[in-house]
Amino acid sequence: MTNANLDALDKKLIGLLAEDARISNRKIAADLDVTEGTVRSRIKRLERDNLIRFTAITTLSRGERFRIAFIRVQAELEKIPDICKVLEPDPNIGALIVTMGRFNLLAITIFNDLDSLHAMASDKILSLPGVHHVETAIAISTVKYDLRVARIL
């Protein structure tokens, strides 16, 4: 199912759940002026079709010492799919995005110390066939972070 198959009610329902996934079906039904049964069946269909998923997300301030880093990768275009296959399963990479411009890939990762970031960027990524250059940037503060865009933790 694609976004084109979502009607206005589906979009409103997803919007409410995105703001507060713990909102009751009764409250959603009242807000959208539909029955609870309609809300339940829509949520069930959206989950079944993999359009929504409920999960617990930790916050960035959970007491652990870690940093977020952005690793930009410049690689041969034909090697991008192979590089992604190697990097995608890594649990330390929260987002892997194919980009246009000077760099082909952006990996968003968390690390506890500079040695682990260096190992990820230099030993793991830079050593992959087709990778020519890796550049890292470390987040020093978070001004805004929307969990709907990329769940890092």
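Described in the following lines is the structure provided in the data block. (Residues numbered from 1 in each chain as written. Predicted model: local features only at pLDDT ≥ 70, side-chain atom pairs only at ≥ 80, totals over all residues. Heavy atoms only, no water.)

Topic: the overall build of the protein chain
Phase 1: What the protein chain contains, in helices and strands, is five helices and four strands.
Phase 2: Carbon and sulfur atoms make up 52% of the accessible area of the protein chain, which totals about 10200 Å². (Helix = DSSP H or I, 4+ residues; strand = E, 2+ residues; numbered from the N terminus. Areas by Shrake-Rupley, 256 points an atom, 1.4 Å probe, with all protein chains shown as cover.)

A word on the pairing of strand β1 (residues 67-75)
Phase 1: Across seven bridges, β1 lies against strand β3 (residues 105-111) in antiparallel orientation. Of the residues in β3, the one forming a bridge with I71 is A107. (Pairing = 2+ DSSP bridges.)

Let's talk about the pattern of salt bridges
Phase 1: Counted according to the given criterion, the structure contains nine salt bridges.
Phase 2: With a closest N to O distance of 3.5 Å, R26 and E36 form a salt bridge. Within this pair, whereas R26 is found in helix α2 (residues 25-32), its partner E36 is found in helix α3 (residues 36-48), the two being separated by ten residues in sequence.
Phase 3: Between E135 and R102 there is a salt bridge, and its shortest N-O distance comes to 3.8 Å. Residue E135 is located in strand β4 (residues 131-138), and its partner R102 is located in the loop between β2 (93-98) and β3; the two are separated by 33 residues in the primary sequence.
Phase 4: The class of E135 is partly exposed, set by a relative accessible area of 25%. (Salt bridge = Lys/Arg side-chain N within 4 Å of Asp/Glu carboxyl O. Buried < 20%, exposed > 50% of the residue type's maximum accessible area, 1.4 Å probe, protein only.)

Some points on the packing of helix α1 (residues 8-19) against α3
Phase 1: Relative to each other, α1 and α3 sit at 85°, their axes nearing to 11 Å. One way to sum up the angle between α1 and α3 is to call them roughly perpendicular. Contact with α1, carried on its side by L9, D10, L13, I14 and L17, involves T38, V39, R42, I43, R45 and L46 of α3 and no other residues of that element.
Phase 2: Split into classes, the residues belonging to the contact of α1 with α3 amount to seven nonpolar, one polar and three charged. (Axes fitted to C-alpha atoms, helices over the stretch in contact; angles between N-to-C directions. Parallel < 35°, antiparallel > 145°, perpendicular 65-115°, else oblique. Contact = heavy atoms within 4.5 Å. Nonpolar A, V, L, I, M, F, W, Y, C, P; charged D, E, K, R; others polar.)

What about α1?
Phase 1: With twelve residues, α1 extends 17 Å from end C-alpha to end C-alpha; this agrees with the ideal 16 Å at 1.5 Å per step.
Phase 2: When we look at burial in α1, the residues that qualify are L9, D10, L13 and L17. End-on, the buried residues of α1 take up no more than an arc of 100°, which puts them together on one face. Those residues of α1 that are exposed and angled more than 90 degrees off the buried face are A8, K12 and E19.
Phase 3: The N-cap of α1, judged by a side-chain oxygen 3.1 Å from the amide nitrogen of L9 a few residues on, is D7. (Expected span 1.5 Å × (residues − 1). Arc of directions from axis to C-beta. Polar contact = N/O pair within 3.5 Å; in protein donor to acceptor, adjacent residues only side chain to side chain.)

Here we look at the packing of aromatic side chains
Phase 1: Using the criterion set out here, one finds zero aromatic pairs in the structure.
Phase 2: Between the NZ or CZ atom of R72 and the centre of the ring of F103, over which it lies, the distance is 5.8 Å. (Phe/Tyr/Trp six-rings, centres within 6.5 Å; stacked < 30°, edge-to-face > 60°. Lys NZ or Arg CZ within 6 Å of the ring centre and 35° of its normal.)

Some thoughts on the environment of N112
Phase 1: Here N112 shows up in the loop between β3 and α5 (114-125).
Phase 2: Residue class for N112 comes out exposed when judged on its relative accessible area of 60%.
Phase 3: Sequence spacing of N112 and I68 is 44 residues, and the spatial spacing of their C-alpha atoms is 9.0 Å.

Describing the sheet that holds β4
Phase 1: With antiparallel pairing, the four strands of this open sheet are ordered in space as β2-β3-β1-β4. The open sheet has two edge strands, β2 and β4, and neither has a second partner. Neighbour-to-neighbour, the strand axes of this sheet turn through a mean angle of 20°, independent of strand direction.
Phase 2: Taken together, the seven bridges between β1 and β4 define a ladder with antiparallel strand orientation.

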